[in-house]
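Structure at a glance
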Amino acid sequence: MDDLKETASQTAGPYVLIGLAPWAAGFKIYDHELGHDIAGPNAAGERIRVQGCVMDGMNSPIRDVLMEVWQANANGHFAHPEGGGSVEDGFRGWGRVVPDFETGEWSFESINPGSTGDGHAPHISLWLVARGINIGLHTRMYFADEATANAKDAVLNKIEWENRRATLIAGRHDGELPTYRFDIRLQGDGETVFFDV
Amino acid sequence: MSDGDYIRRNWDRHPPALTPNYKTSVARSPRFPLISLQSTASERTGPTFGHSDIAPGDNDLIHNFAAPGAAAIGERIILHGRVLDENGRPVPHTLVEIWQANAGGRYRHKKDTYFAAMDPNFGGAGRTLTDDTGAYAFRTIKPGAYPWPNRGNDWRPAHIHISVFGQAFLQRLITQCYFEGDPLIPLCPIVRTIPDPQAIDDLTARLDMKNTIPLDTIAYHFDIILRGRRSTPFENRPEGG
């Protein structure tokens, strides 16, 4: 068996949108762009919006970040051969999110994911790349209204500093669409927890 | 052979978050160490893609943004190779996306104000799926080197950005490939964020005369290696069992 070594990461750079979200870079090159619809029209579960901002160490919004979302459906199944079970037709659980060029605010719509099993609170995985980020950052968003499940979550409990766990928990605001706020701080006060997965 | 958990990432191969000679990294690098997790289903799964997601011509950057009958300007190249895991196993049917500057070193982006000319027939993005053997191929033009303000007179070597998914979200990777023989490679602060000289050499696409199309397009070869899985054939056989 070959013994190969993983290709080294390099920053996605300032022009990542050209490759991964050309519509956001301002031009049309593909008939079908990927990552716009996370849950699809047939997904069970509560429809939600998630919004936030990614901030750098000087508390400035990062306007050129690209995030990818990965999540289970309402039954805790992923759209993947090892995903634990079937998902609704059109459910991908994956999407791409880019912020507003002016404000750095981003948002996406999806469904509330289910738990994938005992000791796993519902959560959404996020992966961030941008100019100045040398290797993509993995984090997770948990739901403030799942406090009981969060308290038993194996990953949250792995974080030794209890006050840092709060950086992964998004507060809920009910409106026309229930909305969770998840700000991500790369550095400084309230630095978000990132994972080596 | 069964599939075990994924092999831990070898962080010695990768750039650290904080690399002061690449100035933008200073305010965008977490100061606390990453929390190491035993991977869960969330990391061992990941998005899958099929041929309905892309179009056949998406991997031809010479034509995928060009007016009918026109073509992008520049040195015509094929960039091809395989996506493999650390065990040398092919990663089939995975999405590979690339983006790059045009032959003059200019990106199609409102924030790129370099005065190299735009090429109206070049978009600068392409995508494809690997085949059953993990092979991928793009046709494009060789991008130009370009200056950037980092330390006043830094120049990026010619490079193509590459994004790969693999079969698990923990395999997700974005990198850049460079071109054999480019004297700018060892000078570049972004290249030099990588501490391991072998890892840098592994980002260099090799001239591949065998796959050149004579009188048409020159070829470069570049393999992409993603994290592999442990083989655990004895996992359920305790001693004496």
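Residues numbered from 1 in each chain as written. Chains lettered and ligands numbered in written order. Predicted model: local features only at pLDDT ≥ 70, side-chain atom pairs only at ≥ 80, totals over all residues. Heavy atoms only, no water.

1. Observations regarding the overall build of chain A
What counts is decided by this rule: The helix count covers DSSP runs of H or I at least four residues long, the strand count covers runs of E at least two residues long, and both are numbered beginning at the N terminus. For this measure, only C-alpha atoms enter the radius of gyration; the expected value for a globule follows 2.2 Å times N^0.38, where N is the number of residues. Accessible area is worked out with a 1.4 Å probe on protein chains only. A residue is then buried under 20% of its type maximum, exposed over 50%, and partly exposed in between. By the convention used here, residues are in contact when the closest approach between their heavy atoms is within 4.5 Å. The accessible surface values rely on the Shrake-Rupley method and a 1.4 Å probe; as for residues, cover is taken only from the protein chains in view.
Helix and strand counts for chain A stand at 5 helices and 10 strands. Taken over the C-alpha trace, chain A has a radius of gyration of 17 Å; the compact-globule value for 197 residues is 16 Å, and the two agree within 12%. Along the first, second and third principal axes, the C-alpha set of chain A runs to 55 × 40 × 40 Å. With 197 residues in all, chain A has 58% of them scored as buried. Taking as baseline every contact in chain A between residues at least 6 positions apart, the subset at least 24 positions apart corresponds to 67%. Entry remark: accessible area of chain A is about 7700 Å², with carbon and sulfur atoms responsible for 45%.

2. Topic: the overall build of chain B
For the record, the criterion: Asp and Glu are treated as the negative residues and Lys and Arg as the positive ones, with His and the ends of the chain left uncounted. Working definition for charges: the position is that of NZ of Lys, CZ of Arg, CG of Asp or CD of Glu.
On a plain count of helices and strands, chain B comes out with 2 helices and 14 strands. Here the C-alpha radius of gyration of chain B, 20 Å, is about what a compact globule of 241 residues would show, namely 18 Å. Overall, chain B is about 70 × 40 × 30 Å in size when its C-alpha atoms are taken along their principal axes. Across chain B, every contact between residues at least 6 apart in sequence was considered, and the portion connecting residues at least 24 apart equals 72%. Carbon together with sulfur atoms contributes 56% to the accessible area of chain B, which is approximately 10500 Å² in total. Across chain B, 27 positive and 26 negative side-chain charges occur, with their mean positions spaced 7 Å apart.

3. Considerations on the interface of chain B and chain A
Let me state the cut-off plainly: Buried area adds together the accessible area that both of two parts lose upon being put together, with accessible area traced by a 1.4 Å probe. Any Lys or Arg side-chain nitrogen found within 4 Å of a carboxyl oxygen on Asp or Glu counts as a salt bridge. Polar contacts, as used here, are pairs of N or O atoms within 3.5 Å; protein pairs need one atom able to donate a hydrogen and one able to accept it. Residues neighboring in sequence count only if both atoms are side-chain atoms. Put simply, Ala, Val, Leu, Ile, Met, Phe, Trp, Tyr, Cys and Pro go in the nonpolar bin, Asp, Glu, Lys and Arg in the charged bin, and everything else, Gly too, in the polar bin. DSSP bridges decide pairing: two strands pair if at least two such bridges lie between them.
Taken together, the contacts link 84 residues of chain B with 70 residues of chain A. For the pair chain B and chain A, the summed buried surface comes to about 7200 Å²; carbon and sulfur atoms form 58% of the total. It is B:Arg28, B:Ile35 and B:Phe169 that lose the most area in chain B upon contact with chain A, and together they represent 12% of the buried surface on that side. For the pair chain B and chain A, the interface holds 8 salt bridges. Taken together, the links from chain B to chain A amount to 45 residue pairs in polar contact (both at pLDDT 80 or more). At 5 residues, the largest contribution of residues to the side of chain B that touches chain A is made by strand S10 (residues 173–179) of chain B. Here the side of chain B that touches chain A is composed, by residue class, of 37 nonpolar, 26 polar and 21 charged. Where strand S10 (residues 195–196) of chain A and strand S2 (residues 35–36) of chain B come together, 2 bridges link them in parallel fashion. Opposite A:Asp196, over in S2(B), you have B:Ser36 as the bridge partner.

4. Description of the packing of aromatic side chains
How we decide: Any Phe, Tyr or Trp ring, taking Trp's six-membered ring, that has another such ring centre within 6.5 Å forms a pair; planes under 30 degrees apart are called stacked, those over 60 apart edge-to-face, and the others tilted.
Applying the stated criterion across every chain yields a total of 14 aromatic pairs over all chains. Both rings, one in A:Trp70 and one in A:Phe78, keep their centres 5.5 Å apart while their planes meet at 20 degrees; by these two values the pair is stacked. Both residues of the pair, A:Trp70 and A:Phe78, belong to the buried class. Between B:Tyr107 and B:Tyr146, the ring centres sit 5.5 Å apart and the planes meet at 85 degrees, which makes this aromatic pair edge-to-face. In this pair, B:Tyr107 sits in the loop between strand S4 (95–99) and strand S5 (125–129) while B:Tyr146 sits in strand S7 (residues 146–148), placing the two residues 39 residues apart along the sequence.

5. What to know about the confidence of the model for chain B
Keep this limit in mind: Per-residue confidence from the predictor is reported as pLDDT, which spans 0 to 100.
Residues with a pLDDT of 70 or more make up 95% of chain B, whose mean pLDDT is 94. Considering only residues more than four positions removed or in separate chains, one finds that residues 234–241 of chain B, a stretch of pLDDT under 50, has 0 contacts.

6. Quick word on the pattern of salt bridges
Tallied over the full model, the rule gives 24 salt bridges over all chains. Here A:Asp64 ties to A:Arg131 by a salt bridge, and the two come within 3.0 Å at their closest N and O atoms. Highlighted residues: A:Asp64 in the loop between strand S1 (47–55) and strand S2 (66–70) and A:Arg131 in the loop between strand S5 (123–129) and strand S6 (137–143), separated in sequence by 67 residues. In this structure A:Asp64 comes out as buried when scored by relative accessible area, which is 9%. Put simply, B:Arg13 and B:Asp202 hold a salt bridge, and the shortest N to O gap is 3.0 Å.

7. Details of the side chain of B:Asp208
All names here are of chain B. With respect to the helices and strands, Asp208 occurs in the loop between strand S11 (204–207) and strand S12 (218–221). Buried charged residue Asp208 carries no salt bridge. Nearest counter-charge: Lys210, at 5.7 Å. Not counting residues within four places of it along the chain, the set of residues in contact with Asp208 comprises His80, Ala219, Tyr220 and His221.

8. Thoughts on the environment of B:Asn153
Tracing the backbone shows B:Asn153 in the loop between S7 and strand S8 (154–156). One polar contact links B:Asn153 to B:Trp155, side chain to side chain, over a distance of 2.8 Å.

9. What to know about unusual backbone geometry
Residue and element names in this part refer to chain B. Positioned with a positive phi, His93 is a non-glycine residue whose angle comes to about 55 degrees. At Leu215, a residue that is not glycine, the phi angle is positive and equals roughly 65 degrees. Take Leu215: it is sitting in the loop between S11 and S12.

10. Thoughts on the state of the cysteines
Each disulfide is one covalent bond, formed between the sulfur atoms of two cysteines. Selection rule: Any cysteine sulfur atom paired with another within 2.5 Å is treated as part of a disulfide.
On inspection of all chains with the given rule, the structure shows 0 disulfides over all chains. With no disulfide of its own, B:Cys188 has B:Cys177 as its nearest cysteine by sulfur position, at a separation of 13 Å.

11. Some remarks on the environment of B:Pro197
Take B:Pro197: it is sitting in helix H2 (residues 197–201). Along the chain, B:Pro197 and B:Val83 lie 114 residues apart, while their C-alpha atoms are 21 Å from each other.

12. Observations concerning the environment of B:Thr193
Along the chain, B:Thr193 falls in the loop between S10 and H2. The spacing of B:Thr193 and B:Thr128 is 65 residues in sequence and 28 Å in space, taken between C-alpha atoms. Dropping the residues within four chain positions of it, B:Thr193 is found in contact with A:Gln10, A:Asn134, B:Pro15, B:Pro16, B:Thr19 and B:Tyr22. Polar contacts involving the side chain of B:Thr193 include one to the side chain of A:Gln10, which spans 3.4 Å.

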